[in-house]
Amino acid sequence: MSQLKDVKKVLFVGQQPETVDFSDPALPPGFNAEKIHAGIAVGMRQMADRGWHADLCLVRPDESATVALERQLASATYDCVVIGGGIRIPPKSLLLFERLLNSVHKSAPKASIAFNTVPQDTADAAGRWFKTE
């Protein structure tokens, strides 16, 4: 039982790839929904390989995003919440980013908050906040 308590829980928050505006010059060239989904799968697998329990919360870039995130945060206690670069990087996503960050602050005040740059470095982003043993 004590081993289960030591398992780190990570929530990976990203924008639904199908709702991303790939014409935005702030995004890396060549990105598309398929590549983002593949990167998310890599990031989730890397966290599982580290022995962590990881959940994924993909949100739409509208008012429903905070509702979806707060619902997910209420369903479990997370050690770290990683907010994806697709939400954080494009300047036009600033309001969405602020709303999500405030939702994490309000709904999971004990969770560390981390930021990735691409889906594939999500485990590294969370790992920065976990003490090595």
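To keep things clear, this report deals only with the structure shown in the data block.

What counts and how
Residues numbered from 1 in each chain as written. Predicted model: local features only at pLDDT ≥ 70, side-chain atom pairs only at ≥ 80, totals over all residues. Heavy atoms only, no water. Buried < 20%, exposed > 50% of the residue type's maximum accessible area, 1.4 Å probe, protein only. Helix = DSSP H or I, 4+ residues; strand = E, 2+ residues; numbered from the N terminus. Pairing = 2+ DSSP bridges. Axes fitted to C-alpha atoms, helices over the stretch in contact; angles between N-to-C directions. Contact = heavy atoms within 4.5 Å. Phe/Tyr/Trp six-rings, centres within 6.5 Å; stacked < 30°, edge-to-face > 60°. Right-handed = clockwise from strand over helix to strand, strands pointing away.

1. What to know about the pairing of strand S3 (residues 80-83)
Burial along S3 is two-sided: Cys80 and Val82 and Val81 and Ile83, pointing in opposite directions, are all buried. Pairing analysis gives 4 bridges linking strand S1 (residues 9-15) to S3, with the strands arranged parallel. Bridged to Val10 within S3 is Cys80.

2. Focus on the sheet that holds S3
Strand order across the open sheet formed by 4 strands is S2-S1-S3-S4, with parallel pairing between neighbours. For this open sheet the edge positions go to strand S2 (53-59) and strand S4 (112-115), each flanked by a neighbour on one side alone. Sheet twist, expressed as the average angle between the axes of neighbouring strands with direction ignored, equals 20 degrees. Sheet strands touched by helix H2 (residues 33-49): S1 and S2. Its angle to S2, the strand with the most contacts, is close to 155 degrees.

3. Some remarks on the side chain of Ser103
Structurally, Ser103 can be placed in helix H5 (residues 94-107). Judged by relative accessible area, Ser103 falls into the buried class, the value being 3%. Setting aside anything within four residues of it in sequence, one finds Ser103 in contact with Thr66, Leu69, Glu70, Leu73 and Ala108.

4. Section: the packing of aromatic side chains
Taken as a whole and judged by the stated rule, the model has 2 aromatic pairs. Look at Phe97 and Phe115: their rings are 5.6 Å apart centre to centre, the planes differ by 65 degrees, and that puts the pair in the edge-to-face class. Separated by 18 residues along the polypeptide, Phe97 in helix H5 and Phe115 in strand S4 bring together distant segments of the chain.

5. Some details on the pairing of S2
Two strands pair when backbone bridges link them, and S1 and S2 are joined in this way by 7 bridges, in the parallel orientation. By the bridge assignment, Lys9 is partnered in S2 with His53. Taking the sense of rotation as the criterion, the β-α-β connection linking S1, H2 and S2 turns out right-handed.

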